[in-house]
Amino acid sequence: MDSGLVLILVITALLLGLAAGKAWERYKLMEGQWVDRRRVRQSPHFIVGLNYLVAGRIDLAIEELEQASTIDPGALELRMVLGNLYRERGQVGRAIQEHQGLLQRPRLSRAEHANVLLCLGLDYRRGGFVDRATEAFTEVLKLAPDNEAALGNLEKLQEEQHQWQEAYATRQRLATVAKPAEQARSRTILAFLEHALGVQALADGRLADASRHFTDAIDLDPTVIPAYLSLGDARLKQGDAAGAAAIWEKAVNVSPDRAYLPLERLEALYVREGRADRFTAICERLTTAAPREWRARAALARHLVSQGQPTRALELLFGALEHNPHALAIHQSIWSLLSTLDLPRPLVARYIEITRQSVFYLDPHVCTRCRYRSTELLWQCPQCHEWNSFVEERITPASDIESEMSSGPVA
Ligand SMILES: [Zn+2]
């Protein structure tokens, strides 16, 4: 789900809460007069605005909710939500103005003050005012130390500025207030932050510090593979080649799915030490254990080519192709080898036969809600039960990957 949609849902939930009368006391003394706040909720503009919001039509929702707010201009929550909607529409300046105005109101409760500040922090963040956003979230936390939204946003701001130590402290605070079900995720994030601290130490040449951070990261979450890679790098820099090899081999065992990641490092190390057979053995073990794992075959093939054994390499790549006909890297390696061998007819014929027998893109349909994959188009998802949620997966040209990634996920 994209963050815009999440926000709209949160805003909608807030308004529904208001509609249920939970968050809003019924009467309020306004400039010497009792105002019946139910009138806003009973206003057709409020209900119609709510419907537009649920339908994701922000412009129309704003129009109606503005109308509703004229009934009770003092309604803090409604003005706060309107400010958020302006921000969602891209009018950050207007959102800031709205929320700053609310802060000027006398007799704000502590919770109201914190909520408005949080909205203002989100405005600043959207507008790219990093310092002011940081300040706003920090202020929220003085008023409400357990505010998860403020902590989460503060952590992201600190991460964006590579303030890993600060981000780590913020995540630790978040972990103490998070529900038990979210603890594991917090540990994983802490492990990645430990890894980032280690990378920083490694770049500064503080090798012992770096190693400690990487070890701590693995202790926090043994599945965080980059920590194994970096710990090996640090050990190698300290002259401990055996230690580096040991930790990289451990990474292969911990996460066979990602085992190809340390392979390049292991190859370089073992070849340098004259123990290339050790590397070959690791690759063969991986390939036997997981026949679909084509990257281990490709790594071994690369190694065999460098050892002057192109025919054996080609056999491996043919094997990889049978399991993964969609992997363009395999086709490229095969053609490069076939060219080196001067296109021997029987091998070219075998390549054509393998590709002809392969079923390409066996599961091209993906549920846009839960990513469930299916070979044929389904009208209801068997996993998340959403209707009409399948799209045919599109393969993006490599040159467009960057622009696609910056514009969000591709359906
Ligand atoms: Zn689904």
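Nothing here was measured: the structure is a model prediction, and the numbers come from that model.

About the thresholds
- Residues numbered from 1 in each chain as written.
- Predicted model: local features only at pLDDT ≥ 70, side-chain atom pairs only at ≥ 80, totals over all residues.
- Helix = DSSP H or I, 4+ residues; strand = E, 2+ residues; numbered from the N terminus.
- Buried ≥ 20, exposed ≤ 12 C-beta atoms within 10 Å, placed from the backbone.
- Contact = placed C-beta atoms within 7 Å.
- Core = buried A, V, L, I, M, F, W, Y, C linked by C-beta atoms within 7 Å.
- Expected span 1.5 Å × (residues − 1).
- Axes fitted to C-alpha atoms, helices over the stretch in contact; angles between N-to-C directions.
- Parallel < 35°, antiparallel > 145°, perpendicular 65-115°, else oblique.
- Left-handed = near helix turned anticlockwise from the far one by under 90°.
- Nonpolar A, V, L, I, M, F, W, Y, C, P; charged D, E, K, R; others polar.
- Pairing = 2+ DSSP bridges.
- pLDDT = per-residue confidence, 0-100.

1. Brief notes about the overall build of the protein
If you tally the helices and strands in the protein, you get 21 helices and five strands. The buried share of the protein, taken over its 411 residues, is 32%. Relative to all contacts within the protein whose residues are 6 or more apart in sequence, the contacts with residues 24 or more apart total 43%.

2. Description of the nonpolar core
Nonpolar side chains tend to gather and get buried jointly when the protein is soluble and globular. In this structure, Leu 193, Ala 227, Trp 248, Leu 266, Cys 283 and Leu 317 are the most contacted members of the largest nonpolar core, which totals 52 residues. Ranked by residues supplied to this core, first place goes to helix α11 (residues 183-203) with ten residues. Apart from the residues lying within four places of it in its own chain, the contact partners of Leu 193 are Trp 164, Ala 167, Tyr 168 and Arg 171. In terms of nonpolar packing, the next biggest core, distinct from the first, is built from 34 residues, Phe 46, Ala 75, Met 80 and Val 81 among them.

3. As for helix α20 (residues 345-357)
The first and last C-alpha atoms of α20 sit 18 Å apart over 13 residues, in line with the 18 Å expected at 1.5 Å per residue. Counting buried residues along α20, only zero of its 13 residues qualify, which leaves the element largely exposed.

4. A word on the packing of helix α18 (residues 310-323) against helix α19 (residues 328-340)
At a closest axis distance of 10 Å, the pairing of α18 and α19 adopts a crossing angle of 150°. By the angle class used here, α18 and α19 are roughly antiparallel. Helix-helix and strand crossings are classified by hand; for α18 and α19 the assignment is left-handed. Contacts from Pro 310, Ala 313, Leu 314, Leu 317, Ala 320 and Leu 321 of α18 reach α19 at Ile 330, Ser 333, Ile 334, Leu 337 and Thr 340.

5. Some words on the packing of helix α9 (residues 148-160) against helix α10 (residues 164-177)
For any two helices packed against each other, one specifies the crossing angle of their axes together with the interaxial distance. The interhelical angle for the contact between α9 and α10, taken along N-to-C directions, is 160°, at an axis separation of 9 Å. On the basis of their axis angle, the class for α9 and α10 is roughly antiparallel. As α9 packs across α10, the resulting crossing turns out to be left-handed. Contacts between α9 and α10 involve Glu 148, Leu 151, Gly 152, Leu 154, Glu 155, Gln 158 and Glu 159 from the first element and Glu 166, Ala 167, Thr 170, Arg 171, Arg 173, Leu 174 and Val 177 from the second. Residue classes in the contact of α9 with α10 are distributed as five nonpolar, three polar and six charged.

6. Notes on the sheet that holds strand β3 (residues 365-367)
Spatially, β4-β3-β5 is the arrangement adopted by the three strands of the open sheet, whose pairing is antiparallel. Each of the sheet's edge strands pairs with one partner strand only, and the pair in question is β4 (373-374) and β5 (390-392).

7. Considerations on the confidence of the model for the protein
Within the protein, residue pLDDT values average 85, and 85% of them lie at 70 or more. Segment residues 20-24: pLDDT under 50, and eight contacts once partners within four positions in sequence are set aside and those in other chains are kept. Note on residues 400-411: pLDDT is under 50 here. Beyond four places in sequence and across chains, it has eight contacts.

8. A few points about unusual backbone geometry
Negative phi characterises most residues that are not glycine, and trans characterises most peptide bonds. Phi is positive for Arg 107, close to 60°, though the residue is something other than glycine. In this structure, Arg 107 sits in the loop between α6 (92-103) and α7 (110-127). With a phi angle near 50°, Leu 343 is a residue other than glycine that sits in the positive phi range.

9. Quick word on the environment of Ala 290
Relative to the helices and strands, Ala 290 resides in the loop between α16 (276-289) and α17 (294-306). In the structure, Ala 290 is positioned 33 residues away from Asp 257 in sequence and 8.8 Å away in space, judged by C-alpha atoms.

10. Comments concerning the environment of Ala 281
Take Ala 281: it is sitting in helix α16. Judged by C-beta crowding, with 12 C-beta atoms within 10 Å, Ala 281 ranks as exposed. Along the primary structure Ala 281 and Leu 300 are separated by 19 residues, whereas in three dimensions their C-alpha atoms are 9.5 Å apart.

11. Some remarks on helix α13 (residues 225-237)
Under the 1.5 Å per step criterion, the end-to-end length of α13 is 19 Å for 13 residues, consistent within 8% with the ideal 18 Å. Close packing links the buried residues of α13 with α11, α12 (207-220), α14 (241-254) and α15 (260-272). Positive phi shows up at Gly 239, right after α13, with a value of about 85°.

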